[in-house]
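Each chain is listed here by its residues.
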There are 2 protein chains.
Amino acid sequence: MGKVSPSVDSVRGFQVAGVPAGLKKDGALDFSLVVSEVDCAAAGVFTRNKVKAAPVLLDMQRLEENPKSIRAVATNTISANACTGALGLKNARATANLVADALSIVAEQVLVMSTGVIGTHLPMDKIAHGVELASANLGSDWRAAAAGIMTTDTRPKLGSIAVETDDGAYTIAGMVKGAGMIAPNMATMLSVIVTDAELQLPNLQSALTAAAQQSYNRIVVDGDTSTNDTVLLLANGMSGVALSSEAELAAFQDALNALTRFLAQEVVRDGEGVTKFITLNIVNAESEADAEKIGGTIGASVLTKSAFYGSDANWGRIVAAAGRADTSFDPDSTSLWLAEGESGASDAPGLEIFSGGMPTDYREEDAAAIMAEPSITFTLDCGIGDGGATIWTCDISHEYISINGDYRS
Amino acid sequence: MGKVSPSVDSVRGFQVAGVPAGLKKDGALDFSLVVSEVDCAAAGVFTRNKVKAAPVLLDMQRLEENPKSIRAVATNTISANACTGALGLKNARATANLVADALSIVAEQVLVMSTGVIGTHLPMDKIAHGVELASANLGSDWRAAAAGIMTTDTRPKLGSIAVETDDGAYTIAGMVKGAGMIAPNMATMLSVIVTDAELQLPNLQSALTAAAQQSYNRIVVDGDTSTNDTVLLLANGMSGVALSSEAELAAFQDALNALTRFLAQEVVRDGEGVTKFITLNIVNAESEADAEKIGGTIGASVLTKSAFYGSDANWGRIVAAAGRADTSFDPDSTSLWLAEGESGASDAPGLEIFSGGMPTDYREEDAAAIMAEPSITFTLDCGIGDGGATIWTCDISHEYISINGDYRS
């Protein structure tokens, strides 16, 4: 397996476009299209919020009824088309119809995604303009396509990974938008991933579910879960490489995991007002589920995130957040380490700052030097089991409050 | 039943003091003592965090072993005495011993509370100085006592309520500190409440538990739960009014509920960096527990709190937060109203901004005019049951981030 590249050259049989449909006031790219030359098997994971946007409801239905011949994914910004009732569903279908007409395919082959303000209706004239522009400009500019789905993101987020097999090579590529409303419990973002490998539908869905679980479900920006979160995976088989053996599927899973982890981390790095990238390695919890809950609670603690922002090695807030997670936890068996960078659980955990229910006699200057870095790893050893999980999160800054105090205007 | 007064004149048999023990650098009041002339029945509610500070552990033990003859409560600021191991417990006991010596009572009659930074040991010389000063200055200055337990609070928070009975009058009075680390699930603050009524121990504890449930457990500042949260209720019977009949206990409960609601709301009003006081009336949820969870999730949503700060009537974020609470919820049966002030659930709910899964056709100017007010009530009618709960919360501001990015230095 190769390394994840932060760009996409091309994926056989897929074309993309990101265009200015006039949704954004400043003429920026605001509508995007991903199209496959041939039918794709498609899988999806969707928000667990009980308030689901119209495009989410439509895509869930299409993947239920027609998961083997998907051809296109259209994404608009500015309006989330959530809490929009019957008209919202009608507009989501109308968007798919416009795409189908432009590409000479049928509407049931089109998936749609929306992001933006909740409760506003899609301006269908601008959507029509976006479909027209995008379908006339399909190519390999994945960077433009990724820019066309951005809201408060500051940069397009995309990546790809190539996998060599005995039967030839295939590629997995994708893009993501995120920024705010990011928390565990599904996707919390929009992401489209495509591959020119060929996979059977159940294998494709289980690979995406597993990949999302160790990537998009393990990042926390602000603890909120959106009404629109969607991750789609399309496989068109155009590489001629068909994956069916256990080893082939395992290699695909590894590559997909790596790509989705990269994209998920990109979402945290580009979170609203983020100044620090924080890796939380939770080890030796009673179970993996407990480890995930503990990391998620720490990552969503606004008090802890404020301390990260202030470059304060405030282990007290971290341990207190762990202590209020709905899990087994014993501070007396717990240790906490601090290290610079993004070391994984297997690396040296760094400076021990808490052990046996108390702070160690570490020197505050040593901790402060690490906390001043833009990327920091905390390793929390719960000392009561063998469950582990890594959560990626960030600080909360003045900038976050400014962005979200003033989003709709 | 009278009204809650935001001050305390005196409560028969109780004396208090707030003194500068030298814990705070600026010579401000930082240590406080509440003393009863005679033995008190005492009840407590404590943090549910699995990381419990030494004073919490000590008080839980004393209320277990010796709940009928409590005489004093000592509170220090600056050090939380949490995550301090065996020395922390020893210091908590030593504080009680110093108070007992100064008052010529026994150590088992003394409860202690601490607030401040986690993981620092109590500076016992300063504590000793505080005990000496406070025991020499006991009187009726409740305002000074309430100031002596403040951390990032901007003002002392105290209150009292008088109750007339056929046998005479009694008073319930109390003080609270809060500011940050405020979330449902117990107390999330320090509070001492005293009464000169006489109550049997089980009645006292059940009254406090019920009062905390509808007050301290229903406020959210930042969603974090402290290691030190403690609410104590002492009854010394010095009014000569003994409460035992169902009617007498109900009247006590009503008065205690009103006082604790007042004190809890004071904590929100004085929350770190708070600019808006928000009342969330959740009605017609499937159960009271569901209503409480929905209100708590909205109140802890940093995205929603940012919108409050920006005076944005962002019903989308409110409904989305409700949708991610772990409860039954159906946006299509839900309505949301917005009103100025602190109207209770029984009042007119105001401007309807969301109904049947969609925004109403309200005028944005009307909503903006309400959102510009310093106190706002949202009524969320879930339309699926008859469970209700009121949660009090606030916005999150730049100031919160500044306070918490820089707390330990």
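Residues numbered from 1 in each chain as written. Chains lettered and ligands numbered in written order. Predicted model: local features only at pLDDT ≥ 70, side-chain atom pairs only at ≥ 80, totals over all residues. Heavy atoms only, no water.

Peer 1: Would you mind showing me how to read helix H10 (residues 364-371) of chain B here?
Peer 2: Owing to its 3.6 residues per turn, the α-helix brings residues three or four apart onto one side. All names here are of chain B. Turning to H10, its buried residues number three or more, namely Ala367, Ile370 and Met371. Each buried residue of H10 lies within a common arc of 100 degrees when the element is viewed along its axis, so the set occupies one face. Contact partners of the buried residues in H10: helix H8 (302-309), strand E12 (335-340), strand E13 (351-355) and strand E15 (375-381). (Buried < 20%, exposed > 50% of the residue type's maximum accessible area, 1.4 Å probe, protein only. Helix = DSSP H or I, 4+ residues; strand = E, 2+ residues; numbered from the N terminus. Arc of directions from axis to C-beta. Contact = heavy atoms within 4.5 Å.)

Peer 1: How should I be thinking about the sheet that holds strand E16 (residues 387-394) of chain B in this particular structure?
Peer 2: Whether parallel or antiparallel, the strands of a sheet pair through hydrogen bonds between backbone atoms. All names here are of chain B. The mixed open sheet is built from 6 strands, whose spatial order is E14-E13-E12-E15-E11-E16. Two strands close off the open sheet at either side, each with one partner strand: strand E14 (358-359) and E16. Note that E12 and E13 share 4 bridges and pair antiparallel. When the bridges of E13 are listed, Trp337 appears paired with Glu352. (Pairing = 2+ DSSP bridges.)

Peer 1: Sorry if this is basic, but what is going on with the environment of Val319(B) here?
Peer 2: You can see Val319(B) is positioned in helix H9 (residues 315-324). Distance in space between the C-alpha atoms of Val319(B) and Gly357(B) is 9.2 Å, their sequence separation being 38 residues. The residues touching Val319(B), leaving out its near neighbours within four places in the chain, are Val51(A), Cys83(A), Phe329(B) and Phe354(B).

Peer 1: Hey, could you run me through the pairing of strand E9 (residues 230-235) of chain A in this one?
Peer 2: A regular strand carries its side chains on alternate faces of the sheet. All names here are of chain A. Of all the 6 residues making up E9, 6 are buried; the element is thus mostly covered by neighbouring parts of the structure. The alternating pattern of E9 places Thr230, Leu232 and Leu234 and Val231, Leu233 and Ala235 on opposite faces, both of which are buried. One ladder, built from 6 bridges, connects strand E2 (residues 31-46) with E9; its direction is antiparallel. Bridge pairing in E9 links Ala42 to Leu234. The sheet contact formed by strand E7 (residues 190-195) and E9 spans 6 bridges and is parallel. Opposite Ser191, over in E9, you have Val231 as the bridge partner.

Peer 1: Just checking my understanding: could you explain the packing of aromatic side chains for this structure?
Peer 2: Each pair of aromatic rings is reported with the distance of its centres and the angle of its planes. All chains considered together, the criterion is met by 6 aromatic pairs over all chains. Between Trp315(B) and Phe354(B), the ring centres sit 5.2 Å apart and the planes meet at 35 degrees, which makes this aromatic pair tilted. Taken together, the residues Trp315(B) in helix H9 and Phe354(B) in strand E13 connect sequence positions 39 residues apart. Take Phe354(B): its relative accessible area is 0%, and that puts it in the buried class. Positioned above the aromatic ring of Phe277(A) is the side chain of Arg269(A), whose terminal nitrogen or guanidinium carbon lies 4.0 Å from the ring centre. (Phe/Tyr/Trp six-rings, centres within 6.5 Å; stacked < 30°, edge-to-face > 60°. Lys NZ or Arg CZ within 6 Å of the ring centre and 35° of its normal.)

Peer 1: Whenever I open this one, the packing of helix H1 (residues 54-65) of chain A against helix H2 (residues 85-103) of chain A confuses me. Can you help?
Peer 2: Helix-helix packing is described using two parameters, namely the angle between the two axes and the distance between the axes. Residues and elements named next belong to chain A. It is the contact of H1 with H2, at a shortest axis distance of 8 Å, that shows an interaxial angle of 60 degrees. The orientation of H1 relative to H2 falls into the category oblique. In the crossing of H1 with H2, the sense of the turn from one axis to the other is right-handed. Between H1, through Ala54, Pro55, Leu57, Leu58, Gln61 and Arg62, and H2, the contact on the second element is made entirely by Gly88, Leu89, Ala92, Arg93 and Ala96. Here the residues of the contact of H1 with H2 sort into 7 nonpolar, 2 polar and 2 charged. (Axes fitted to C-alpha atoms, helices over the stretch in contact; angles between N-to-C directions. Parallel < 35°, antiparallel > 145°, perpendicular 65-115°, else oblique. Left-handed = near helix turned anticlockwise from the far one by under 90°. Nonpolar A, V, L, I, M, F, W, Y, C, P; charged D, E, K, R; others polar.)

Peer 1: Hey, could you run me through the pairing of E16(B) in this one?
Peer 2: All names here are of chain B. A large share of E16 lies buried, amounting to 7 of its 8 residues. Of the strand pairs in this sheet, strand E11 (residues 277-285) and E16 are connected by 7 bridges, and their pairing is antiparallel. Residue pairing for E16: Asn281 is matched across the bridge by Thr390.

Peer 1: What is the right way to look at the packing of helix H5 (residues 201-213) of chain B against helix H6 (residues 246-269) of chain B in this model?
Peer 2: All names here are of chain B. Between H5 and H6, the least distance of the axes is 9 Å, while the angle of their chain directions is 40 degrees. In terms of orientation, H5 and H6 fall into the oblique class. The crossing of H5 and H6 is right-handed. Here Asn203, Ser206, Ala207, Leu208, Ala210 and Ala211 of H5 lie close against H6, whose contacting residues are Leu249, Phe252, Gln253, Leu256, Asn257 and Thr260. Taken together, the residues that form the contact of H5 with H6 break down as 7 nonpolar, 5 polar and no charged.

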